[in-house]
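# What the coordinates show
Single-letter residue listing:
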Amino acid sequence: MFPTRRARVLLSLAAAASLTVVAGCSSNSSSPAASGGHHAPSTAMDGMSMGSSSMPTSASSMAMDHGDGGPVPAGMKPASDPKYPVGSKVILTADHMEGMDGARASVVGAYSTFTYAVNYTPTTGGSMVKDHKWVVQQELQDAGRKRLANGTKVVLTTDHMSGMKGAHGTIASSTDQTVYVVDYTAGGMTMKNHKWVVEDEMKPAK
């Protein structure tokens, strides 16, 4: 009887060892921590549909809210007789941002000032940004009231983009057209108080 019992014990030990090995392999293959955890975000997203109906409410809300440009600079003078008064519905023809050209918009402000396209080097480093449209007279340090000539060196005081505030640049071109602040939606994203769009970059909405 002893050999039979011994055989049973050996078989039991072998089976237990086999289960331990299988369990260990399963744990290592399914745990992101096995590879340092770097694939955890990708693994989570693999099982999620990118459609808005299956995204968390907070993420969906963030995707819809592109931002708020905030108030205009101090000293801005409202235009006395703008072609597009506040409340006008327009179609944008500018392409300052992706999806902007052709977007429907509402005018929330119309101002009389000098408006500039500028070349500047971001304070955060990197290549020069060329022909950035637009900044107004009131967003240039010590700009005074007179129209600045092309090539004039300036310091930007606005923060439309990262690395813009405090950046040194030059005037590329300018206009005295009425300049507008608009709310618009493009690609499911909403931008409020977008600054700036000049008069020839919009047309009446039909």
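In what follows, the accompanying structure is described. Keep in mind that what you see is a predicted model, and the values were worked out from it rather than measured. Think of each chain on its own: its residues are numbered from 1, step by step along the sequence as written. Where totals are concerned, whole chains, interfaces and linings use all residues; where local detail is concerned, this predicted model gives features only for residues with pLDDT of at least 70, and gives and counts side-chain atom pairs only at 80 or more. Heavy atoms from the whole structure form the basis of all side-chain values; hydrogens and water molecules are not counted.

## Description of the overall build of the chain
Applicable threshold: Numbering of helices and strands runs from the N terminus; a helix is a DSSP stretch of H or I covering at least four residues, while a strand is a stretch of E covering at least two. Note on exposure labels: buried denotes an accessible area under 20% of the residue type's maximum, exposed denotes more than 50%, and partly exposed covers the range between, all computed with a 1.4 Å probe on protein chains only. Whether two residues are in contact is decided by their heavy atoms, any of which lying within 4.5 Å being enough. Here the Shrake-Rupley method, with its probe set to 1.4 Å, supplies the accessible areas, and only the displayed protein chains count as covering residues.
Secondary structure summary: the chain contains 3 helices and 11 strands in total. Start at the N end of the chain and walk to the C end: the helices and strands fall as α-α-α-β-β-β-β-β-β-β-β-β-β-β. Going through the 206 residues of the chain one by one, you find that 29% of them count as buried. Long-range contacts, defined here as pairs at least 24 residues apart, represent 58% of the contacts in the chain between residues at least 6 apart. Total accessible area on the chain is roughly 13,000 Å²; 56% of this is exposed by carbon and sulfur atoms.

## A few points about the sheet that holds strand E5 (residues 115-121)
Counted only if it meets this: Pairing between two strands is assigned when DSSP locates at least 2 bridges connecting them. With axes taken as lines fitted to C-alpha atoms, and helix axes fitted only over the stretch in contact, angles between N-to-C directions fall between 0 and 180 degrees.
The 4 strands are arranged E6-E5-E8-E7 in an open sheet whose pairing can be described as antiparallel. Every interior strand has two partners, whereas the edge strands, strand E6 (129-136) and strand E7 (153-155), have only one. In this sheet, neighbouring strand axes are inclined to one another by 45° on average, regardless of whether the strands run parallel or antiparallel. When E7 meets strand E8 (residues 168-175), the two strands line up antiparallel, connected through 3 bridges. When the bridges of E8 are listed, Val-155 appears paired with His-168.

## Re unusual backbone geometry
The step from Lys-133 to Trp-134 runs through a cis peptide bond, and the omega angle for that step is 0°. Examined against the element boundaries, Trp-134 turns out to sit in strand E6. With omega at 10°, the peptide bond leading from Lys-195 into Trp-196 counts as cis. Locating Trp-196 in the fold gives a position in strand E10 (residues 189-198). Although it is not a glycine, Asp-142 adopts a positive phi angle of roughly 50°.

## Quick word on the side chain of Thr-113
Put simply, the rule reads: Pairs of N or O atoms within 3.5 Å make up the polar contacts considered here, provided that, within protein, one atom can donate a hydrogen while the other can accept it, and that residues adjacent in sequence are counted only when both atoms are side-chain atoms.
Relative to the elements of secondary structure, Thr-113 occurs in the loop between strand E4 (104-112) and E5. Side chain to side chain, Thr-113 and Gln-138 meet in a polar contact 3.0 Å long. Setting aside residues no more than four positions away along its own chain, Thr-113 makes contact with Met-76, Val-136, Gln-137, Gln-138, Thr-175, Asp-176, Gln-177 and Val-179.

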